[in-house]
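Here is how the chains run, residue by residue.
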Amino acid sequence: GLMLCNVSVPFRCAASLSQTINQVAASRQKHTLPDLPYDYGALEPHINAEIMQLHHSKHHATYVNNLNVTEEKYKEALAKGDVSAQVALQPALKFNGGGHINHSIFWTNLSPNGGGEPQGELMEAIKRDFGSFQKMQEKMSATAVAVQGSGWGWLGYEKESGRLRIVACANQDPLQGTTGLIPLLGIDVWEHAYYLQYKNVRPDYIKAIWNIINWENVSERLQTAKK
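Please read all numbers here as calculations on a predicted model, not as lab measurements. (Residues numbered from 1 in each chain as written. Predicted model: local features only at pLDDT ≥ 70, side-chain atom pairs only at ≥ 80, totals over all residues. Heavy atoms only, no water.)

1. Quick notes on the overall build of the protein chain
Thinking step 1. Of the regular secondary structure elements, the protein chain holds nine helices and three strands.
Thinking step 2. Its helices and strands in sequence order give the protein chain the pattern α-α-α-α-α-β-β-α-β-α-α-α, from N to C terminus.
Thinking step 3. A total of 227 residues make up the protein chain; the buried ones form 43% of that total.
Thinking step 4. Of the roughly 12400 Å² of accessible surface on the protein chain, 54% is carried by carbon and sulfur atoms. (Helix = DSSP H or I, 4+ residues; strand = E, 2+ residues; numbered from the N terminus. Buried < 20%, exposed > 50% of the residue type's maximum accessible area, 1.4 Å probe, protein only. Areas by Shrake-Rupley, 256 points an atom, 1.4 Å probe, with all protein chains shown as cover.)

2. Focus on the packing of helix 5 (residues 133-145) against helix 8 (residues 202-209)
Thinking step 1. The N-to-C vectors of helix 5 and helix 8 enclose an angle of 145 degrees; their axes lie 10 Å apart at closest approach. Considering only the axes of helix 5 and helix 8, their crossing is right-handed. Judged by residue contacts, S141, A144 and V145 of helix 5 engage R202, P203 and I206 from helix 8.
Thinking step 2. Tallied by class, the residues present in the contact of helix 5 with helix 8 amount to four nonpolar, one polar and one charged. (Axes fitted to C-alpha atoms, helices over the stretch in contact; angles between N-to-C directions. Left-handed = near helix turned anticlockwise from the far one by under 90°. Contact = heavy atoms within 4.5 Å. Nonpolar A, V, L, I, M, F, W, Y, C, P; charged D, E, K, R; others polar.)

3. Notes on the pairing of strand 1 (residues 151-158)
Thinking step 1. In terms of residue burial, strand 1 counts as a mostly covered element, since seven of its eight residues are buried.
Thinking step 2. Sheet topology places strand 1 next to strand 2 (residues 163-170); eight bridges connect them, and they run antiparallel. In the sheet register, W152 faces strand 2, and the bridge partner there is C169.
Thinking step 3. Between strand 1 and the antiparallel strand that follows it, strand 2, lie four residues; G162 among them carries a positive phi value of about 70 degrees.
Thinking step 4. As defined by bridge partners, strand 1 adjoins strand 3 (residues 182-188) across six bridges and the pair is classed as antiparallel. The partner of Y157 across the bridge, within strand 3, is I182. (Pairing = 2+ DSSP bridges.)

4. So, the side chain of D129
Thinking step 1. Along the chain, the position of D129 falls in helix 4 (residues 120-130).
Thinking step 2. Judged by relative accessible area, which is 19%, D129 ranks as buried.
Thinking step 3. Setting aside chain neighbours within four positions, we find D129 in contact with R163 and L164.

5. Description of the sheet that holds strand 2
Thinking step 1. Judged by pairing direction, the sheet is antiparallel, and its three strands sit side by side in the order 2-1-3 without closing on themselves. Each end of this open sheet is capped by a strand with a single partner; those strands are strand 2 and strand 3. Taking each pair of neighbouring strands and ignoring which way they run, the sheet shows an average axis angle of 25 degrees.
Thinking step 2. Against the sheet, helix 3 (residues 83-109) touches strand 1 and strand 3, its axis set at about 80 degrees to strand 3.
Thinking step 3. Along the sheet, helix 9 (residues 215-226) makes contact with strand 1, strand 2 and strand 3, crossing strand 3 at roughly 150 degrees.

Now the structure itself:
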C-alpha cells in the first residue's frame, strides 16, 4: 500500500510516493471476468444453464476482453496526445466498459434463493416512490419489455433527490455513466439473455426473473449509494 509520510523526511517520502503511483499505474490490473456466485444451472427453471453458461463465459467474457484491448489503445492515444484517436475509441469504451459493468451487477442481482419481496429501507423507499412493490414491479417490467432492440431496464438511485427511479438504457450504456443514477437492479433484455429458452417472448422472461431477484444485494447497493 501507499506509505504515510513522516514530516521529517519529505523528499525521500515524496520520491517513494511517486514511485509507488507509477508502479500502480504500470501494473494496472486488466479487467477480468468475475466468477458467478452460483452454478450455471442454479437459476433453473427461470433461466436455464445453457443461457447462463453462454451469457457469462462467452458474452460477458467478450466485453471484458474488448474492454482491455480498448483501454490499451486508449493508453497509447493518451501517451501520444492523440485526441482524435481518443474520441474514436470512446464508443468502444462505452459499449465494452458498459457491458462489463452491467453484467457484473446483473449476476449479483440474481440468486437461486431470490424472489419474494424486499425488506426494510428498500421496501419503504419503493412504497414511497412507486406506491407499492407491485406497482414498482409492473413499471419496471413494462419499461424492460418496451426497450426497442437491445438494452436494459434499471432501478436506480438518484442521489440529489434521494429517490428511486426506473429507466431504460440502450445497448450496453452504463446507467451511472450515462444518467448519473446509481444502479441497484438491472434486467438484461438483450436477446442473448433469454432467447434460447423464451424465444421472442420477452414478457415471459421478465415475469420469470422476479423469482430469482436477490433483494439483499439490491438493498446493500441502496445502502452503499446513500453513503
